[in-house]
Every structure is written in structure tokens, then in C-alpha cells.
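Summary of structural features
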Amino acid sequence: MARAVVLVLLVAMSSAAYADPVEDGAEVFKRCRACHQVGENAKNVLGPQLNGLLGRKAGSVEGFNYSDANKNSGLVWDEKALADYIKDPRGAMPGNKMAFPGIKDERDVADLIAYLKTFGENGKQPK
Ligand code: HEC
């Protein structure tokens, strides 16, 4: 009996380890959620909403009070710029005001970007 439970748990754990990047990315995004929203009703909170982020100009969300460092960066968020920023926000964009130490794990960063990519400009996710 107890053995069966352990087996079920082991199977559940190993399948979680191989879940798809988007699902894993949703987990990683929990670290951003204190400050950022995505989805159809996403609003600016401590940080700007992150819908349609890939291809978006840095500092361009209406109504969010960005730092000059962000606004004047001239950056367009592509995968490389985003990965650099998520890994080391201060290093990648000196003077920006995102109080986040960064995520060092390459796979977490890749999964997170895969997840963020699913949100269109209107916050909708294709099925
Ligand atoms: C403590 C709050 C906080 C956390 C946690 C946080 N951010 Fe931010 N983020 C901000 C703030 C504030 C800004 C605006 C920075 C500026 O204007 O300098 C920002 C800006 C950004 C931008 C630039 C958006 C744009 O429109 O140019 C991206 C991308 C971003 N954050 C992604 C993330 C991701 C991904 C995570 C999780 C790994 C995360 N942030 C975690 C507060 C946070």
C-alpha cells in the first residue's frame, strides 16, 4: 500500500521534470508575479504588464512610469535581450529600476521566455 503511493509519487515527479517548456515557464513566472501581470486583464502593477513582449520596444507600455535607463535604452525585446536582462537585470541595463536579482539557471530562463512568448499583444494565448 505505502509502496504503491511512493511509486505514484515517483512517476508524478519524473513526469513533472519533463513537462513542456511553457508549463515550466509558467512555474518560473511565479517569481515575476509579485510585480508583473500577463494575460487578457493584465495591468501595470509594480512593473509593466508583459503581454506581446517579444518584439516590443523597451519602455513602451502606456501609463507605466519607467526609469530613464529603460526608456532610453533603444532596446527591442528579442530572446537574446530578454535572456540577458532576466539573468542579470542590473548588469544588462545599468540604472534600471527592476529590483530583481536575476535568474541564473539557463533552462529556467529559456522556459520563462517560451511561456512569455505565448501571450499576444492583447494577452490572449493561442490554443
Ligand atoms: C520587485 C518587482 C519586480 C520583479 C520581481 C520583477 N520585475 Fe520586471 N520590472 C520591474 C520594474 C519596476 C520594471 C521597470 C524597470 C524600469 O523602468 O527601469 C520592470 C521591467 C521589466 C521588463 C521591461 C519591460 C518593458 O516594457 O520594457 C521586463 C521584460 C521584465 N521586467 C521582466 C521580468 C521578469 C521576466 C521577471 C521575473 C523573472 C521580473 N521582471 C521580475 C519590477 C519587477
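Predicted model only: the values in this text are computed from it and were never measured. (Residues numbered from 1 in each chain as written. Predicted model: local features only at pLDDT ≥ 70, side-chain atom pairs only at ≥ 80, totals over all residues. Heavy atoms only, no water.)

1. As for the overall build of the protein chain
Selection rule: Every helix listed is a DSSP run of H or I at least four residues long, and every strand listed is a run of E at least two residues long, numbered separately from the N terminus. Burial classes: relative accessible area under 20% of the type maximum marks a residue as buried, over 50% as exposed, and values in between as partly exposed (1.4 Å probe, protein chains only). Should any heavy atoms of two residues lie within 4.5 Å, those residues are considered in contact. Using a 1.4 Å probe, accessible areas were evaluated by the Shrake-Rupley method; residue-level cover was limited to the displayed protein chains.
Looking only at helices and strands, the protein chain has six helices and zero strands in total. For the protein chain, the α and β elements follow one another from N to C terminus as α-α-α-α-α-α. Counting every position in the protein chain, which comprises 127 residues, the buried fraction comes to 35%. Summarising the internal contacts of the protein chain: among those between residues at least 6 apart in sequence, 41% fall at separations of at least 24. Accessible surface computed for the protein chain: about 8,200 Å², of which carbon and sulfur atoms make up 58%.

2. So, the coordination of the iron atom of the ligand
Rules: With water omitted from the atoms examined, metal sites may look incomplete; donors here are N, O and S atoms no farther than 2.8 Å from the metal, or 3.2 Å in the case of Na, K and Ca. For a four-donor site, all angles between 85 and 135 degrees give tetrahedral; for four or six donors, opposite pairs above 155 degrees with the remaining angles between 65 and 115 give square planar or octahedral; all remaining cases count as irregular.
For the iron atom of the ligand, the full set of protein donor atoms is H36 (NE2) and M98 (SD), at a range of 1.9 to 2.0 Å. Here the iron atom of the ligand binds six donor atoms, and the angle range of 87 to 179 degrees at the metal identifies the geometry as octahedral. Placement of the pair is H36 in the loop between α2 (21-28) and α3 (68-71) and M98 in the loop between α5 (89-92) and α6 (106-117), with a sequence separation of 62 residues. The class for H36 is buried, based on a relative accessible area of 13%.

3. Brief notes about the site of the ligand
What counts, and what does not: By convention in these notes, a residue is near a molecule or strand provided one of its non-hydrogen atoms lies within 4 Å of it. N or O atoms within 3.5 Å of each other form a polar contact, as long as, within protein, one can give a hydrogen and the other can take it, and as long as residues adjacent in sequence are counted only when both atoms are side-chain atoms.
In the vicinity of the ligand lie 27 residues, with C32, C35, H36, S67 and M98 positioned nearest. One of the side-chain nitrogen or oxygen atoms of H36 is found 2.8 Å away from a nitrogen atom of the ligand. Here an oxygen atom of the ligand and a side-chain polar atom of S67 are 2.4 Å apart. Here the shell around the ligand takes three residues from helix α4 (residues 79-87), the largest share from any one element.

4. So, the nonpolar core
Selection rule: We call a set of buried Ala, Val, Leu, Ile, Met, Phe, Trp, Tyr and Cys residues a nonpolar core when their side-chain atoms join them within 4.5 Å.
With 21 residues, the main nonpolar core has F29, V38, W77, I86, L112 and L116 as its most contacted residues. Where this core is concerned, the elements lending two or more residues are α4 and α6. Excluding anything up to four places from it in sequence, I86 contacts F100, G102, I103, V109, L112 and I113.

5. Observations concerning the environment of G47
The residue G47 is located in the loop between α2 and α3 in this model. Counting along the chain gives twelve residues from G47 to C35, while the straight-line C-alpha distance between them is 5.0 Å. Leave out the neighbours within four places in its chain, and G47 touches C35, H36 and F64.

6. Description of the pattern of salt bridges
Our working rule: Salt bridges are defined as contacts in which a side-chain nitrogen from Lys or Arg sits within 4 Å of a carboxyl oxygen from Asp or Glu.
With the rule as written, the count across this model stands at eight salt bridges. Between D84 and K80 there is a salt bridge, with its nearest N and O atoms 2.7 Å apart. Linking D84 with K80, this pair stays in helix α4, spanning four residues, or about one helical turn. The class of K80 is exposed, set by a relative accessible area of 57%.

7. A word on the environment of E23
Within the secondary structure, E23 is located in helix α2. Judged by relative accessible area, which is 53%, E23 ranks as exposed.

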